[in-house]
Amino acid sequence: MKSIDINGVEIQVREKELKVNDLDFWAENPRVYSALRMETDETPSQEAIFEKMKSLDNVKALRWQIEKDGGLIEPIFVRNNVVIEGNSRLAAYRLLFKTDVEKWGKIKCYILPDDLSDNLAFSLIGTFHISGRAEWSPFEQAGFLYRHLQKSKKPIKEIAKDFGLKHKMAQLYVDTYEIMIAHDDNDQSHWSYYFEMLKNTNIIKMHENHSEMNIIDRLCDKIQDGEIEKATQFREIGKLAASNTKEAKDAMQAYLDNNESLEMAVTKISDEDKKKHAMKVATSFNEQLREKDFVAELLAEDEDFNYLMRKILTKLRRQIPD
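About the cut-offs
Residues numbered from 1 in each chain as written. Predicted model: local features only at pLDDT ≥ 70, side-chain atom pairs only at ≥ 80, totals over all residues. Heavy atoms only, no water. Salt bridge = Lys/Arg side-chain N within 4 Å of Asp/Glu carboxyl O. Helix = DSSP H or I, 4+ residues; strand = E, 2+ residues; numbered from the N terminus. Buried < 20%, exposed > 50% of the residue type's maximum accessible area, 1.4 Å probe, protein only. Core = buried A, V, L, I, M, F, W, Y, C linked by side-chain atoms within 4.5 Å. Contact = heavy atoms within 4.5 Å. Phe/Tyr/Trp six-rings, centres within 6.5 Å; stacked < 30°, edge-to-face > 60°. Pairing = 2+ DSSP bridges. Axes fitted to C-alpha atoms, helices over the stretch in contact; angles between N-to-C directions. Patch = residues over 30% accessible without salt bridge, like charges linked within 9 Å, V, L, I, M, F, W, Y side chains within 5 Å. Areas by Shrake-Rupley, 256 points an atom, 1.4 Å probe, with all protein chains shown as cover. Polar contact = N/O pair within 3.5 Å; in protein donor to acceptor, adjacent residues only side chain to side chain. Left-handed = near helix turned anticlockwise from the far one by under 90°. Nonpolar A, V, L, I, M, F, W, Y, C, P; charged D, E, K, R; others polar.

Participant: Describe in detail the pattern of salt bridges, supporting the description with residues and values.
Facilitator: Considering all chains together, one arrives at 12 salt bridges under this definition. Across the salt bridge formed by E196 and K199, the nearest N and O atoms sit 3.3 Å from each other. Separated by three residues within a single helix, E196 and K199 lie in helix α9 (residues 191–199), roughly one turn from each other.

Set out below in structure tokens:
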């Protein structure tokens, strides 16, 4: 027998080899959940879980590593023949089992008490993957915190303390996961976009002060539509929200309504960004003018271009001293 400590509770576990085919994946495990449960409210079958798990890169890497090591270095944790911790390793073993039934027919396990509560089970895997080794993605960690919060009914501050997290960061993770659920977005690659949006206090403050603009929902739509190309663009959006002026509000509204690009909207409220934009335009225009034959052709054949160039020259002569 071996004893382990889970949040101050001493649990007795037995180490034993169990048949690979007698074990089930735990559908509540974050790696399993993020792979399947975000796509449907129904609990997936064991076959569906394995089909999805075996396609994951980390499972393929584990299969190779386990085969190289000749077995597991760390046993998996099992309760009532359900794998609480080690679902990726079980999937890797199932793949190896197909190649050699004799060699990979059994897997090393720590057998947890049958009556171990879900609350303690969540705490156990959280200890491994949040405050311990971090092989879960931020999206999976957030999903774990969200479901633990729902099931345990414990305050988020207490859950954060259990796993050595700062309360504000744990809350931000849960808020980010919740808003993805609310907008039916199960694309893990979008995680950083929602996270950066909610992390930006200027955006949140403007959203709260101008509820009629519906800023957060509009930005969520832009994330899903691919209009926001990088999560780092929320720094620029934050600039629009940082200034408490009518110009800033109008610029934000124009951006939300797609009447203005983000770059142009920011130039309206930031002198520094206005200069950067002007330099960018001037540099690009200068490069274009180097194509002399092309420019000469435009001047000769395109009246609108010819008229615009004359206007530019007139304005520059007025502003640039001799």
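After that view, the rundown keeps rolling.
Participant: Describe unusual backbone geometry, naming the residues involved and giving the relevant values.
Facilitator: Non-glycine residue N80 carries a positive phi angle of around 55 degrees. Of note, N80 is situated in the loop between β4 (76–79) and β5 (82–85). The class for N80 is partly exposed, based on a relative accessible area of 44%. Non-glycine residue N81 carries a positive phi angle of around 65 degrees. Note on placement: N81 falls in the loop between β4 and β5.

Participant: Run through the nonpolar core, naming residues and quoting values.
Facilitator: Across soluble globular proteins, you tend to see nonpolar side chains buried next to one another. Membership of the largest hydrophobic core comes to 62 residues, with the highest contact counts inside it found for M197 and L219. No other element matches helix α8 (residues 167–182), which puts seven residues into this core. Contacts of M197, omitting those with residues within four sequence positions, involve I179, I203, I204, I216, L219, C220 and F234. Grouped together as the second largest cluster of nonpolar side chains are 28 residues, M53, I66, A92 and Y93 included.

Participant: Residues and numbers for the packing of aromatic side chains, please.
Facilitator: One pass over the full model with this rule turns up 12 aromatic pairs. Between the aromatic rings of W26 and F122, the centroid separation amounts to 5.4 Å while the plane-to-plane angle is 65 degrees, which identifies the pairing as edge-to-face. Here W26 is found in the loop between β3 (24–25) and α1 (30–37), whereas its partner F122 is found in helix α5 (residues 118–129), with 96 residues between them in sequence. Across the pair, F122 and W26 agree in class, each one buried. Here Y146 and Y177 contribute two aromatic rings whose centre-to-centre distance is 5.3 Å and whose plane-to-plane angle is 40 degrees, an arrangement assigned as tilted. Placement of the pair is Y146 in helix α6 (residues 138–152) and Y177 in helix α8, with a sequence separation of 31 residues. Of the residues examined, Y177 reaches a relative accessible area of 2% and is grouped as buried. One aromatic cluster is present, built from ring pairs that chain together F139, Y146, Y173, Y177, W191 and F195.

Participant: Before we move on, could you go through the sheet that holds β3 and cite the residues and values that matter?
Facilitator: Strand order in the open sheet formed by six strands is β1-β2-β6-β4-β5-β3, with mixed pairing between adjacent strands. Edge strands, defined here as strands with exactly one partner in the open sheet, are β1 (2–6) and β3. Contacts between α5 and the sheet are confined to β1, β2 (9–19), β4 and β5, with β5 contributing the most and set at about 50 degrees to the helix.

Participant: An account of the pairing of β1 is requested, with residue identities and associated values reported.
Facilitator: Pairing analysis gives five bridges linking β1 to β2, with the strands arranged antiparallel. When the bridges of β2 are listed, D5 appears paired with E10. Where β1 folds back onto β2 in an antiparallel hairpin, the turn is made up of two residues, including N7, whose phi is positive at roughly 50 degrees.

Participant: Tell me about a nonpolar patch on the surface, and please be specific about residues and values.
Facilitator: Together, F285, L289, L308, I312, L316 and I320 line one region of the surface with nonpolar side chains, adding up to about 480 Å² of accessible area. Those elements giving two or more residues to the nonpolar patch turn out to be α15 (271–289) and α17 (303–319). Per-element accounting of the nonpolar patch gives the leading share, three residues, to α17. Assignment of secondary structure puts I312 in helix α17.

Participant: Account for the environment of T176, naming residues and giving values.
Facilitator: With respect to the secondary-structure elements, T176 resides in helix α8. Spatially, the C-alpha atom of T176 lies 9.4 Å from that of Y193, the residues being 17 residues apart in sequence. Residues contacting T176, with those up to four places away along its chain left out, are W191, Y194, F195 and L198. A polar side-chain atom of T176 sits 2.7 Å from the main-chain carbonyl oxygen of L172.

Participant: Could you give an account of the packing of helix α11 (residues 215–225) against helix α13 (residues 246–256), with specific residues and numbers?
Facilitator: With their axes 10 Å apart at the nearest point, α11 and α13 run at an angle of 40 degrees to one another. At the point where α11 passes α13, the crossing takes the left-handed sense. Seen from α11, the contacting residues are I215, R218, L219 and K222; seen from α13, they are M252, Q253, Y255 and L256. When the residues that make up the contact of α11 with α13 are grouped by side-chain class, the tally is five nonpolar, one polar and two charged.

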